[in-house]
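# Structural overview for review
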Amino acid sequence: MSVPTLKMTLRLRLLFAASAGFGLIAVLLGVGALFPAVGHAIGKLSIPKGVDQLLGGADYGTITGWYRSEVGSIYGPLLIAAVAIISASASTAGEEEDRILGLVLAHPVERSRLIVAKAVAIAAIVVVLAIGCWVGLIAGVALAGGGITVGHLAAYCLQLALFGFATGSVALAIGAGTGRRSLANGASAAVAIIGWLINGFAPLVSAISWLKYLSLFYYYDGNDPLAHGVDIANVIVLGAAALLLTAVAAISIKHRDLHA
Amino acid sequence: MSTQPVIATSGLSKDYGSGRGLFGLDLEVGRGEVFGFLGPNGAGKSTTMRLLLDLIKPSAGSAQLLGLDSVNDSLAIRRRVGFLPGDLALYPKLTGRAVLDYLAELRGGVDRRLRDSLVERFDADLDRPVRQLSTGNRQKLGLIQAFMHEPELLILDEPIAGLDPLVQQSFHALLGEVSAEGRTVFLSSHTLSEVERVTDRLAILRQGRLVVVDSLENLRKVAVQRLEIEFGEPVDANEFRALPGVTEAHAEGSTVIVGFEGPADAVVKAAAAHEVRAIRPYEDDLEDIFLRYYRTDDPA
Ligand SMILES: Nc1ncnc2c1ncn2[C@@H]1O[C@H](COP(=O)(O)OP(=O)(O)OP(=O)(O)O)[C@@H](O)[C@H]1O
Ligand SMILES: [Mg+2]
C-alpha cells in the first residue's frame, strides 16, 4: 500500500466526510428526541405491507423499531453509501478523468498499491462515520429514554460500516476498472438501490425470496442488529465482498490504458 | 555501458484505429542528449511518451529505457525518470507546496535543497491553491516535480508551453546543466524555434510515423537560407536569380530578398557590386524545412 496516497486521499475527502458525519449525528439526536412524542402514536397506524417491508418491517412503538425505520432502513445506509461511493469514484476515476492520475502513476508507485491505499482510505472514512453514528445513537437513544444496549448499537454501526465499505468497493472496482467517474457513481448507486428494493420486496414473494441473498442490504439489515446484536455470518459476507471488490479494482487497473 | 542508448524503441506502435496513433517507431536517444521530438498536432508525440512511461500499453513493438523494458520494468524506470505530462493537471484545491510534498513522498523523499533551488530558479508560487495559478505558474510546478529528484532521464511533453521568455531562459539553462551532467532529456514541441537553442538532435513525427531523425546541424545544412539585402538604390532581382544555389529572389523597393542553398559566397559577392546599406538574415529559414516535413501532401 502507498502510504502517501492514503494520506492524500484522506486529506482530499476529509471535509466531505466530516460534514456528512455531523449531519448524521444531528439526525440521530433529532430522531431520539422525537420518539417520546410521536413514536407511540405512529406505532398504532396501519401501514401497507410493502411500505412496511421497505422501512424494515419494524414495530414503530418500540425504540429499536423506531430507530430501525427512521435511520436504519434508509437514512443511515443512504448516507454512508453515498459518501463511500462518491469518495471511491472521485479518488479513482475522478482523478483519472482530471488527468492527475497520469502524473501520479509516472512516479514509482504500483497501480495496485495505489488502489489498495484508496480502498483503505474509503474504509477509514466509513469507520469514522460509523463511530460518529455510534456516538450519535448512544446520545439519541438516551434522549428517547433508553432501551437499546450500547453493544447492539455498536453491532448496528459495525454492519453499517461494512455495508458502506462494500458499496464503496463496488464504485472502486468500476472506477479503477473503467476510469469513468459517472459510470462508477451511477452503476454502484444502482447496485445499492436495487439491493435495497430486492431486500424489501423479494421476501414478499416466496418464489423469489432467495434473491435477497444477492443484496448487500440484506447482510446489513436482515438480522436487525439493533434488536438482536451482531450477526457474524453477515459481517463476514460484507467484509468478504468488500475485499473481493477491492481485489478486482486493484487487478483491473493493472493492465489497461490510462485515459489521457 | 555508456554507449547503451537511454531510450531505444523498436517498432513501437499504438494503433487507435482509422490511421491514428503511433506506428513502428524506431528511435534511439543517447546519454546526455537533449533530444527534440517534433510534429504537428495529433502526430503521436504524447502517445509515444505515455507508452514510454507505461501509462498506456503498446499494441506492438517495445521500448527500452535505461536498458530496462518499458512494460515489465516500469517501476524501476519510473524511479529514475522525471515526467512532465502535456496538458498538466494537479489537485486544484491544494497548494503547490502540498502537491510537491505528495509527489516527493511518492518517490520516498527528495533532496530539499535541490527542490528549493528549483523553486527559486523558476520563481514558483507554492502558497496558492493550484486552481488560482496561471497556466505558466502551474507549468512551473510541473517542471519542478519533473526535475526535483535529479532523474537520469527527463521526458517532457511540451515543457515550454505557457512559459514567459524569462522562465524559458531559466529552463533552457537548466537543460544545459542537466545534459552537461550526462543526464538525458527527451522533449516534445510543435515548433523548431522553441527547441532550436537547446536540442542536439531531433526527430520529426507526422501522422504517427517518423519522418526524419537528424542533428540540427545537418538539418541546417540543407536548409534554405534567406537574406534581406538593402541597397542604396533599387537593384534588379534577376541579377541574383541566375547565381548558383539561389532558389528565389525578389525586390521590394531598394531591398532584395534572396533565398539560397549552400554557401552564401556568390550572393554576397554579387551584392557587393552595389552600395549595400544592410544585410539581415531571415529568422525563419529552418522553420521552412520544417513545414515541408509537416505538410502531409509532401513525400519528404
Ligand atoms: N485514447 C485515445 N483513443 C483514440 N485515439 C487517440 C487516443 N489518444 C490519442 N489518440 C489519437 O492518436 C493521435 C496521436 O495523439 P497524440 O496525443 O499522441 O498527438 P500529439 O503529437 O501529442 O499532438 P499534440 O501536438 O496536439 O499534443 C491523435 O490522432 C489522437 O487523436
Ligand atoms: Mg501532445
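Just so it is clear, the structure is predicted and the values come from calculations on it, not from any experiment. (Residues numbered from 1 in each chain as written. Chains lettered and ligands numbered in written order. Predicted model: local features only at pLDDT ≥ 70, side-chain atom pairs only at ≥ 80, totals over all residues. Heavy atoms only, no water.)

### Quick word on the overall build of chain A
- Summing up its helical and strand segments, chain A has 11 helices and 0 strands in all.
- Secondary structure elements in chain A, listed N-terminal to C-terminal, are α-α-α-α-α-α-α-α-α-α-α.
- At 19 Å, chain A has a C-alpha radius of gyration in line with the 18 Å of a compact globule built from 260 residues.
- For chain A, the C-alpha atoms occupy an extent of roughly 60 × 40 × 30 Å along the three principal directions.
- Every one of the 260 residues in chain A was classed for burial, and the buried ones make up 52%.
- Pairs at least 24 residues apart make up 75% of the contacts formed inside chain A by residues separated by at least 6 positions.
- If you sum the accessible surface of chain A, you get close to 10,500 Å²; carbon and sulfur atoms cover 73% of it. (Helix = DSSP H or I, 4+ residues; strand = E, 2+ residues; numbered from the N terminus. Rg over C-alpha atoms; globule rule 2.2 N^0.38 Å. Buried < 20%, exposed > 50% of the residue type's maximum accessible area, 1.4 Å probe, protein only. Contact = heavy atoms within 4.5 Å. Areas by Shrake-Rupley, 256 points an atom, 1.4 Å probe, with all protein chains shown as cover.)

### Quick word on the site of ligand 1
All names here are of chain B.
- Taken together, 13 residues are adjacent to ligand 1, and G42, K45, S46, T47 and H190 come closest.
- Between an oxygen atom of ligand 1 and a side-chain N or O atom of T47, the distance comes to 2.5 Å.
- A distance of 2.5 Å is found between an oxygen atom of ligand 1 and a side-chain nitrogen or oxygen belonging to H190.
- Out of a free accessible area of 640 Å², ligand 1 has 67% covered by protein chains.
- Sorting elements by how many residues they give to the shell around ligand 1 places helix 1 (residues 45-52) first, with 3 residues. (Near = heavy atom within 4 Å. Polar contact = N/O pair within 3.5 Å; in protein donor to acceptor, adjacent residues only side chain to side chain.)

### Some points on the nonpolar core
- Membership of the largest hydrophobic core comes to 142 residues, with the highest contact counts inside it found for Y67 of chain A together with F147, I155, L156 and F186 of chain B.
- Ignoring anything within four residues of it in the chain, the contact list for Y67 of chain A reads L28, V31, G32, G72, L137, G140, V141, I148 and L226 of chain A.
- Within the second largest apolar cluster, 15 residues are counted, among which are I229, A237, A270 and A271 of chain B. (Core = buried A, V, L, I, M, F, W, Y, C linked by side-chain atoms within 4.5 Å.)

### Focus on the sheet that holds strand 1 (residues 7-17) of chain B
Residues and elements named next belong to chain B.
- One open sheet holds the 4 strands; their spatial order is 2-1-4-5, and the pairing between them is antiparallel. Where the open sheet ends on each side, the last strands, each with one partner, are strand 2 (20-29) and strand 5 (68-69).
- Inspection of the sheet shows strand 1 paired to strand 4 (residues 60-65) by 5 bridges, in the antiparallel sense. What sits directly across from T9, in strand 4, is A63.
- Helix 1 rests against strand 1, strand 2 and strand 4 of the sheet, and its axis sits at about 120 degrees to strand 1. (Pairing = 2+ DSSP bridges. Axes fitted to C-alpha atoms, helices over the stretch in contact; angles between N-to-C directions.)

### Some thoughts on the packing of helix 4 (residues 75-97) of chain A against helix 8 (residues 181-201) of chain A
Residue and element names in this part refer to chain A.
- Taken N-terminus to C-terminus, the directions of helix 4 and helix 8 make an angle of 160 degrees; their axes are 8 Å apart at the nearest point. One element, helix 4, and the other, helix 8, form an angle in the roughly antiparallel class. Two packed elements cross with a definite hand, and for helix 4 against helix 8 that hand is right-handed. Of the residues in helix 8, those in contact with I85, I86, S89, A93, G94 and E97 of helix 4 are R181, A184, N185, S188 and A189.
- Along the lines of polarity and charge, the residues of the contact of helix 4 with helix 8 split into 5 nonpolar, 4 polar and 2 charged. (Parallel < 35°, antiparallel > 145°, perpendicular 65-115°, else oblique. Left-handed = near helix turned anticlockwise from the far one by under 90°. Nonpolar A, V, L, I, M, F, W, Y, C, P; charged D, E, K, R; others polar.)

### Quick look at the confidence of the model for chain B
- On average, residues of chain B carry a pLDDT of 90, and 94% of them reach 70 or more.
- Confidence estimates for the predicted assembly give a pTM of 0.87 and an ipTM of 0.89. (pLDDT = per-residue confidence, 0-100.)

### A few points about the interface of chain B and chain A
- Opposite the 26 residues of chain B that make contact, chain A presents 29 residues.
- Approximately 2,500 Å² of surface area, both sides summed, lies buried where chain B meets chain A, with 61% of it carried by carbon and sulfur atoms.
- Applying the counting rule to chain B against chain A returns 3 salt bridges.
- Note that R99 of chain A and D87 of chain B form a salt bridge whose closest N and O atoms lie 3.4 Å from each other.
- Joining chain B to chain A, the criterion identifies 14 residue pairs in polar contact (both at pLDDT 80 or more).
- Going through the elements one at a time, helix 2 (74-80) and helix 3 (96-106) of chain B are the ones with two or more residues in the side of chain B that touches chain A. (Buried area = accessible area lost by both parts, 1.4 Å probe. Salt bridge = Lys/Arg side-chain N within 4 Å of Asp/Glu carboxyl O.)

### Comments concerning the sheet that holds strand 6 (residues 81-84) of chain B
All names here are of chain B.
- The 6 strands are arranged 6-7-8-3-9-10 in an open sheet whose pairing can be described as mixed. Every other strand in the sheet has two partners, leaving strand 6 and strand 10 (209-215) as the edge strands with one partner each. The mean inter-strand angle of the sheet, taken between neighbouring strand axes irrespective of direction, is 15 degrees.
- Relative to the sheet, helix 5 (residues 135-147) contacts strand 6 and strand 7 (153-156), its axis offset from that of strand 6 by approximately 170 degrees.

### So, unusual backbone geometry
All names here are of chain B.
- The phi dihedral of L66 falls on the positive side, at around 55 degrees, and the residue is not glycine.
- Mapping L66 onto the fold places it in the loop between strand 4 and strand 5.
- Its identity as a non-glycine residue notwithstanding, D87 has a phi of 60 degrees, on the positive side.
- Of note, D87 is situated in the loop between strand 6 and helix 3.
- D87 sits in the exposed class, given a relative accessible area of 59%.

### Some points on the pattern of salt bridges
- For the coordinates displayed, the defined rule picks out 25 salt bridges over all chains.
- For D98 of chain A, the salt bridge identified is with R181 of chain A, shortest N-O distance 3.3 Å. On the criterion of sequence distance, the pair formed by D98 of chain A in the loop between helix 4 and helix 5 (101-104) and R181 of chain A in helix 8 is long-range, its members being 83 residues apart.
- Here E230 of chain B makes a salt bridge to R280 of chain B, at a shortest N to O gap of 3.0 Å. Note that E230 of chain B is positioned in strand 11 (residues 225-231) and R280 of chain B in strand 14 (residues 276-281), a separation of 50 residues in sequence.

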